[in-house]
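Structure assessment
Here's the letter readout for the chains.
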Amino acid sequence: MPSNATSRTAETAANGGAGKAVLRFLAANKSLVGLILLMAVVSLYSPNFLTVDNLLNILRQTSINAIIAMGMTFVILTAGIDLSVGSVLAFTGAVCASLVAADASLWVALPATLALGAALGAANGVVIAIGGVQPFIATLVGMTVLRGATLVYTDGRPITTMSDPFWAIGGEYVFGIPVPVLIAAFAFIVCWFVLSQMRFGRYVYAVGGNEQVTRLAGISVTRVKIAVYAVSGLMAALAGIILTARLESAQPTAGTAYELDAIAAVVLGGTSLMGGRGYIFGTLIGALIIGVLNNALNLMDVSSYYQMIAKGAVILLAVLVDSRGKINR
């Protein structure tokens, strides 16, 4: 009898341990669980949702926001914010389009555009890290100035490109997968490696966790901040290249409000706006949540006005969940 009681006790403990493991997994992967539940609900309302063409369309539409959001993750992990990414996208896209339209080699146009994006992001970082300006104000100014610079550069008119190799960056398929999706996947791998496997990634988390302690440890907080804003600008420029290639033109109003979707993806993915906590995989899931939500609302013929309300409600919910998590900890 004692052996049976012991067996039952061990079985109960095992079941309890398994239950706690499941709860820990769900708590650690709230964004992934939310994405799966959202897809399940949408598939019940729209039979066209789970078709291959529609899923590829979601991935293609999501790729641009995902790329911008990956760069934004670096910034937010340091407790910063970058409101200029949409304007960086527009300006670098316009410069890239003008280079392509002038028959410049893609081997020149693309690296130059990426370097320009990184330089514009680094400029934000200098104003913040050396100038002591709050990230919100500095990048808000950057957003306004670069939007104006884009309108001046383009004279308020689209710059059209007529290059098949350039168009392929945004519109071609490889083994049935859109090229923008493949680019986003490569960018994800690089960002994941930098944040999780490189010393610079540890510095990013350290600055967001406790800037003063990080500085006392001998780490150059100034360099880290400039670098993360440079990464954000670089990723915005990459997104600008893809968008310009896909549309075969650079629109002076391109990227408007893209910074909001990027921030939303980062927050939905579980990265704390206070810095020091989060991961790039969560950002990817957050971007997919926004992509699926947009697609679902379109399939259901929901007005664009209500779509904005729904997106705002989802973002608010994510922030509230993150805030409650901090209180409970």
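All of the points below concern the structure found in this document. (Residues numbered from 1 in each chain as written. Predicted model: local features only at pLDDT ≥ 70, side-chain atom pairs only at ≥ 80, totals over all residues. Heavy atoms only, no water.)

**Overview of the overall build of the protein chain**
Rules: Helix numbering and strand numbering both begin at the N terminus, where a helix is a DSSP run of H or I of at least 4 residues and a strand a DSSP run of E of at least 2. Summary of the burial criterion: residues with accessible area below 20% of their type's maximum are buried, those above 50% are exposed, and those between are partly exposed, where the area comes from a 1.4 Å probe applied to protein chains only. Here, residues are in contact when the closest pair of their heavy atoms is within 4.5 Å. Per-residue and other accessible areas follow the Shrake-Rupley method at a 1.4 Å probe size, with only the shown protein chains counted as cover for residues.
When its secondary structure is counted, the protein chain shows 14 helices and four strands. Here the protein chain, with 329 residues, has 44% of them falling under the buried criterion. Put simply, 77% of the contacts in the protein chain that link residues at least 6 apart link residues at least 24 apart. For the protein chain, the accessible surface area stands at approximately 16,500 Å², while carbon and sulfur atoms represent 69% of it.

**Focus on the side chain of Asn124**
By secondary structure assignment, the location of Asn124 is in helix H5 (residues 106–129). Owing to a relative accessible area of 8%, Asn124 belongs among the buried residues under this scheme. Filtering out sequence-adjacent residues up to four positions away, Asn124 remains in contact with Asp82, Ser84, Ala138, Thr139, Gly142 and Tyr229.

**What to know about a nonpolar patch on the surface**
Basically, it comes down to this: To count toward a patch, a residue needs a relative accessible area over 30% and no salt bridge; like charges are then connected within 9 Å, while nonpolar side chains (Val, Leu, Ile, Met, Phe, Trp, Tyr) are connected within 5 Å. Salt bridges are counted wherever a side-chain nitrogen of Lys or Arg sits within 4 Å of a carboxyl oxygen of Asp or Glu.
Where nonpolar side chains cluster on the molecular surface, the patch consists of Val127, Val133, Phe136, Ile137, Val141 and Val145 and spans about 500 Å² of accessible area. Here the element with the most residues in the nonpolar patch is helix H6 (residues 135–154); it accounts for four residues. By secondary structure assignment, the location of Val145 is in helix H6. A residue is classified by how much of its surface remains accessible, and Val145, at 52% relative accessible area, is exposed.

**What to know about the nonpolar core**
Quick reminder of the rule: The set of buried Ala, Val, Leu, Ile, Met, Phe, Trp, Tyr and Cys residues whose side-chain atoms join them within 4.5 Å is what this entry labels a nonpolar core.
Counting 72 residues, the largest nonpolar core has Met70 and Phe166 as the members making the most contacts within it. Of the residues forming this core, the biggest block, 13 residues, is contributed by helix H11 (residues 221–247). Discounting residues that sit within four places of it in the chain, Met70 has contacts with Ala184, Ala187, Phe188, Cys191, Met235, Ile280, Thr283 and Leu284.

**Structural notes on the pattern of salt bridges**
Counted by the stated rule, this structure contains three salt bridges. When the shortest N-O distance is used, the salt bridge between Asp155 and Arg157 registers 2.9 Å. This pair shows no difference in class: Asp155 is exposed, exactly as Arg157 is. Put simply, Lys225 and Glu211 hold a salt bridge, and the shortest N to O gap is 3.0 Å. Of this pair, Lys225 sits in helix H11 while Glu211 sits in helix H10 (residues 211–216), and the two are 14 residues apart along the sequence. With relative accessibility at 28%, the residue Glu211 sits in the partly exposed group.

**Let's talk about helix H9 (residues 199–209)**
Every α-helical turn comprises 3.6 residues, leaving residues that sit three or four positions apart pointing alike. To keep it simple, the criterion reads: It is the directions from the helix axis to the C-beta atoms whose arc is reported.
Among the residues of H9, those classed as buried are Gly201, Val204, Val207 and Gly208. For H9, the buried positions fall inside an angular range of 125° around the axis, keeping them on one side. In H9, the exposed positions that point more than 90 degrees away from the buried face belong to Arg199, Arg202 and Gly209. Residues of H9 that are buried sit in contact with helix H3 (52–77), helix H8 (179–197), H10 and H11.

**A look at the packing of aromatic side chains**
Test applied: Each aromatic pair joins two rings of Phe, Tyr and Trp (for Trp, the six-membered one) with centres within 6.5 Å, and gets the label stacked for planes under 30 degrees apart, edge-to-face for over 60, and tilted for any other angle.
Per the counting criterion, the structure on display carries two aromatic pairs. Ring plane angle 65° and centroid distance 6.0 Å describe the contact between Phe91 and Tyr153, whose orientation is recorded as edge-to-face. In this pair, Phe91 sits in helix H4 (residues 85–101) while Tyr153 sits in helix H6, placing the two residues 62 residues apart along the sequence. A residue is classified by how much of its surface remains accessible, and Tyr153, at 39% relative accessible area, is partly exposed.

**Re the environment of Leu106**
You can see Leu106 is positioned in helix H5. Look at Leu106 and you get partly exposed, because its relative accessible area is 22%. In this structure the C-alpha to C-alpha distance between Leu106 and Pro165, which are 59 residues apart in sequence, comes to 8.3 Å.

**Observations regarding the environment of Thr244**
Keep this limit in mind: N or O atoms closer than or at 3.5 Å make up a polar contact, with two conditions inside protein: a donor-capable atom paired with an acceptor-capable one, and, for residues adjacent in sequence, both atoms drawn from side chains.
Within the element layout of this structure, Thr244 appears in helix H11. Using a relative accessible area of 5% as the deciding quantity, one classes Thr244 as buried. Here Thr244 is in contact with Gly93, Ala97, Phe166, Ser249 and Ala250, once residues within four sequence places are set aside. Only 2.7 Å separates the side chain of Thr244 from the backbone oxygen of Gly240, close enough to count as a polar contact.

**So, the side chain of Asn65**
Residue placement: Asn65 occurs in helix H3. Taking the relative accessible area as the measure of exposure, Asn65 reaches 11% and is therefore buried. For Asn65, the residues in contact, after removing those within four places along its chain, are Tyr258, Asp261, Ala262, Ala265, Ala287 and Ile290.

**Looking at the packing of H3 against H11**
Rules: Lines fitted to C-alpha atoms define the axes here, with helix axes fitted over just the stretch in contact, and angles between the N-to-C directions of these axes take values from 0 to 180 degrees. Orientation labels follow simple angle bins: below 35 degrees gives roughly parallel, above 145 gives roughly antiparallel, 65 to 115 gives roughly perpendicular, and whatever is left gives oblique. Each residue gets one of three labels, nonpolar for Ala, Val, Leu, Ile, Met, Phe, Trp, Tyr, Cys and Pro, charged for Asp, Glu, Lys and Arg, and polar for the others, Gly among them.
Packing of H3 against H11 brings their axes to within 7 Å, and their N-to-C directions diverge by 170°. In terms of their interaxial angle, H3 and H11 are classed as roughly antiparallel. Each of Arg60, Gln61, Ile64, Ile67, Ile68, Met70, Gly71, Met72, Phe74 and Val75 in H3 lies in contact with H11, whose residues at this interface are Val228, Tyr229, Val231, Ser232, Met235, Ala236, Leu238, Ala239, Ile242, Leu243 and Arg246. Residues that form the contact of H3 with H11 fall into these classes: 16 nonpolar, three polar and two charged.

**Quick word on the packing of H5 against H11**
Formally: Crossing handedness follows the turn of the near helix against the far one: under a right angle anticlockwise gives a left-handed crossing, and clockwise gives a right-handed one.
Interhelical geometry of H5 versus H11 gives an angle of 145° and a closest axis separation of 6 Å. When you trace H5 past H11, the crossing you get is right-handed. Note on element contacts: H11 touches H5 through Thr222, Lys225, Ile226, Tyr229, Ala230, Gly233, Leu234, Ala237, Leu238 and Ile241, opposite Leu110, Thr113, Leu114, Gly117, Ala118, Gly121, Ala122, Asn124, Gly125, Val126, Ile128 and Ala129. Residues belonging to the contact of H5 with H11 are distributed by class as follows: 14 nonpolar, seven polar and one charged.

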